[in-house]
Amino acid sequence: MGDYWHKPWACPYFKWDTKKNLACEAGSLAFPSVRIACRYYDQYCANVPGWEKCTMAQAMTEYYEEGDKAMEKYSKEDLELLVLDQQKKIENLTNELGRYKKKVSDQAKEIGEKDKLIADYEIAAGEVQETCNTALVSMVKEYGLNKKGRYTVKIKAFDRAILNEYSLVAKRDKDEYILEAIKVQKPEN
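Conventions used here
Residues numbered from 1 in each chain as written. Predicted model: local features only at pLDDT ≥ 70, side-chain atom pairs only at ≥ 80, totals over all residues. Heavy atoms only, no water. Salt bridge = Lys/Arg side-chain N within 4 Å of Asp/Glu carboxyl O. Helix = DSSP H or I, 4+ residues; strand = E, 2+ residues; numbered from the N terminus. Buried < 20%, exposed > 50% of the residue type's maximum accessible area, 1.4 Å probe, protein only. 1 Å grid on protein atoms, 1.4 Å probe; cavity = no way out; pocket = protein on both sides within 12 Å on 5 of 7 lines; lining within 4 Å. Points joined across faces, edges and corners; volume = space filled by probe spheres on them. Nonpolar A, V, L, I, M, F, W, Y, C, P; charged D, E, K, R; others polar. Contact = heavy atoms within 4.5 Å. Core = buried A, V, L, I, M, F, W, Y, C linked by side-chain atoms within 4.5 Å. Pairing = 2+ DSSP bridges. Axes fitted to C-alpha atoms, helices over the stretch in contact; angles between N-to-C directions.

Draft legend 1. Focus on the pattern of salt bridges. This model, assessed by the stated rule, comprises 5 salt bridges. Between K114 and E110 there is a salt bridge, with the nearest N and O atoms lying 3.2 Å from each other. Here the residue K114 and the residue E110 both occupy positions in helix 3 (residues 76–143), the gap between them amounting to 4 residues, near one helical turn. For K114, a relative accessible area of 47% corresponds to the partly exposed category. What makes E110 partly exposed here is its relative accessible area of 40%.

Right, dumping it as structure tokens:
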């Protein structure tokens, strides 16, 4: 929020205003009309000594004065010890924050490394897929029936379970590939 009216606000507790709303440290007010809002702002919030007559400003002044009186009961040494204690807490929290930042940085680095591995695996999977497609197209073209540039090979339906029975071995011999399906030998119990 900001300063809608751009008035010379005199009240030290002022926070922000809108056309018909005002917020200060004590709370906020919503006015029924712009005219009433302007009259209130001019009479209290942007007026010296008018702001001191505002009940909200009076409540905040009393609140801060009570706080000052409450602090008077402490000796200088007590306050110094309190400050030192708070400084130690801040130092401990700062150290803990540093550890968390390092941990987050290490985890981000680890995630980056894993992302790179995933990208490498995706590239490798794409290359394997391309190689399989190339081999299949070559075989269909070599052994299929050609009808106007469309090659067709019919094979029986297959199940991936066949890979439990056979393994594929591929070799290159000059300008040819040799593919062999070799029956897997199961270990004897």
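Draft legend 2. The layout of surface pockets, seen in detail. By volume, the largest pocket amounts to about 1,400 Å³. Considering the residues around the largest pocket, the lining is formed by 27 residues, among which A135, L136, M139, L168 and L179 are closest to the centre. At the level of secondary structure, the elements contributing two or more residues to the lining of the largest pocket comprise helix 3, helix 4 (162–165), strand 6 (166–173) and strand 7 (176–183). By residue number, the principal contributor to the lining of the largest pocket is helix 3, which donates 10 residues. Looking at the lining of the largest pocket residue by residue, the class counts come to 17 nonpolar, 4 polar and 6 charged.

Draft legend 3. Focus on the environment of A46. Among the secondary structure elements, A46 is positioned in the loop between helix 1 (34–45) and helix 2 (55–72). Owing to a relative accessible area of 21%, A46 belongs among the partly exposed residues under this scheme. With 34 residues separating them in the primary sequence, A46 and E80 have C-alpha atoms 39 Å apart. Setting aside its immediate chain neighbours within four residues, A46 contacts K7, P8, W9, A10 and Y41.

Draft legend 4. Structural view of the nonpolar core. Membership of the largest hydrophobic core comes to 16 residues, with the highest contact counts inside it found for Y13, L22, F31, Y40, Y41, C45 and A57. Contributing elements (two or more residues each) for this core: strand 2 (21–24), helix 1 and helix 2. The contact partners of A57, leaving out residues within four places of it in the chain, are C11, Y13 and W51.

Draft legend 5. Spatial organisation of the sheet that holds strand 3 (residues 27–30). A sheet is described by the order of its strands in space; here 3 strands give the open sequence 1-2-3, paired in antiparallel fashion. The two strands at the open ends of the sheet, each matched to only one other strand, are strand 1 (14–17) and strand 3. Mean inter-strand twist for the sheet, computed between neighbouring axes without regard to direction, equals 15°. Looking at chain direction, strand 2 and strand 3 are connected through 4 bridges and run antiparallel. Residue C24 lies in a different strand from strand 3, and its bridge partner there is G27. Contacting strand 1, strand 2 and strand 3, helix 1 runs over the sheet at an angle of about 30° to strand 2.

Shape is all these values report; function is a separate question.
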